[in-house]
Amino acid sequence: GAVVSQHPSWVICKSGTSVKIECRSLDFQATTMFWYRQFPKQSLMLMATSNEGSKATYEQGVEKDKFLINHASLTLSTLTVTSAHPEDSSFYICSATQFGSTPGELFFGEGSRLTVL
Amino acid sequence: GQSLEQPSEVTAVEGAIVQINCTYQTSGFYGLSWYQQHDGGAPTFLSYNALDGLEETGRFSSFLSRSDSYGYLLLQELQMKDSASYFCAVRSSNTGKLIFGQGTTLQVKP
């Protein structure tokens, strides 16, 4: 099956700093990736759709200047949380679709747990 | 707006059958997916229904009624390892993005 890898798995940073999370498709090319955020015991909230070679499409209410998404290649998308604050502490998880797979199937990375002090 | 409703918690015993319902209201609909997520882990895909009817995959089955905007996940012969959160998710466009429900926490007891 398709493998998506995220890095780092855990990150702790000070308030006001920026954090970059990488999402890679290891054995397939992903023209589209999706970034979700999940608070404890809650649902996965879609933040944005990352498109290779073009600007990301952000969901309503998501600050695009705070959550910078770059999809520079067919196997890598990055999410940068800029000027992070404690309320940004969450589980960030990326996913991708694979050409030819079941339409409703997303392949998820392992997730990145961000703690902002 | 878009909304998906599913029960927050379900408890069952080993060997039993449990059904997790999901009703949805979305601006577009291409299909309904189900995912399992264990604590601290990533969601894993279980099933997808684009058309009305029942899809069976081993111990898990999923049903969809498009006219009722309703679906369910049926888990049979429950095992302790099935204790997890289960999410329904609507594929609301052909971009592949999924909108997730709030999740149902299933606790399987001995």
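Look a little higher up for the structure.
Quick caveat, the model's predicted, so the values are computed rather than measured.

Rules of the game
Residues numbered from 1 in each chain as written. Chains lettered and ligands numbered in written order. Predicted model: local features only at pLDDT ≥ 70, side-chain atom pairs only at ≥ 80, totals over all residues. Heavy atoms only, no water. Pairing = 2+ DSSP bridges. Helix = DSSP H or I, 4+ residues; strand = E, 2+ residues; numbered from the N terminus. Contact = heavy atoms within 4.5 Å. Disulfide = S-S within 2.5 Å. Buried < 20%, exposed > 50% of the residue type's maximum accessible area, 1.4 Å probe, protein only. Axes fitted to C-alpha atoms, helices over the stretch in contact; angles between N-to-C directions.

**Here's the deal with the pairing of strand 7 (residues 67-73) of chain A**
All names here are of chain A.
For step 1, the next point in the chain: Relative to strand 8 (residues 76-81), strand 7 runs antiparallel, the two being bridged by five bridges. Within strand 8, the position partnered with L68 by the bridge is T80.
For step 2, the next point in the chain: Connecting the antiparallel pair strand 7 and strand 8 is a turn made up of two residues.

**Some words on the environment of V18 of chain B**
For step 1, the next point in the chain: With respect to the element layout, V18 of chain B can be found in strand 3 (residues 18-25).
For step 2, the next point in the chain: For V18 of chain B, the contacting residues outside a window of four places in its chain are V10, A12, L73, L74, L75, L78 and L106 of chain B.

**So, the state of the cysteines**
For step 1, the next point in the chain: This model, assessed by the stated rule, comprises two disulfides over all chains.
For step 2, the next point in the chain: Disulfide partner of C23 of chain A: C94 of chain A, at an S-S distance of 1.9 Å. The S-S bond linking C23 of chain A to C94 of chain A shows a torsion near 80 degrees; that makes this disulfide right-handed. Of the two residues, C23 of chain A sits in strand 3 (residues 19-25) while C94 of chain A sits in strand 9 (residues 90-96), which places them 71 residues apart along the sequence.
For step 3, the next point in the chain: Residue class for C23 of chain A comes out buried when judged on its relative accessible area of 0%.
For step 4, the next point in the chain: Look at C94 of chain A and you get buried, because its relative accessible area is 0%.
For step 5, the next point in the chain: The partner cysteine of C22 of chain B in its disulfide is C88 of chain B, sulfur to sulfur 2.1 Å. Because the torsion about its S-S bond is 75 degrees, the bridge between C22 of chain B and C88 of chain B counts as right-handed. With C22 of chain B in strand 3 and C88 of chain B in strand 9 (residues 84-91), this residue pair connects regions lying 66 residues apart in the sequence. Judged on exposure class, the residue C22 of chain B and its partner C88 of chain B are both buried.
For step 6, the next point in the chain: In this model C13 of chain A remains outside any disulfide bridge; the closest cysteine sulfur is found in C94 of chain A, 18 Å from its own.

**Side note on the sheet that holds strand 1 (residues 4-7) of chain A**
Residues and elements named next belong to chain A.
For step 1, the next point in the chain: Across the sheet, four strands lie side by side as 1-3-8-7; this open sheet has antiparallel pairing. The open sheet is flanked by strand 1 and strand 7, the only strands paired with a single partner. When the angles between neighbouring strand axes are averaged without regard to direction, this sheet yields 15 degrees.
For step 2, the next point in the chain: By the bridge criterion, six bridges tie strand 3 to strand 8 in an arrangement that is antiparallel. Paired with E22 across the strands is T78, a residue of strand 8.

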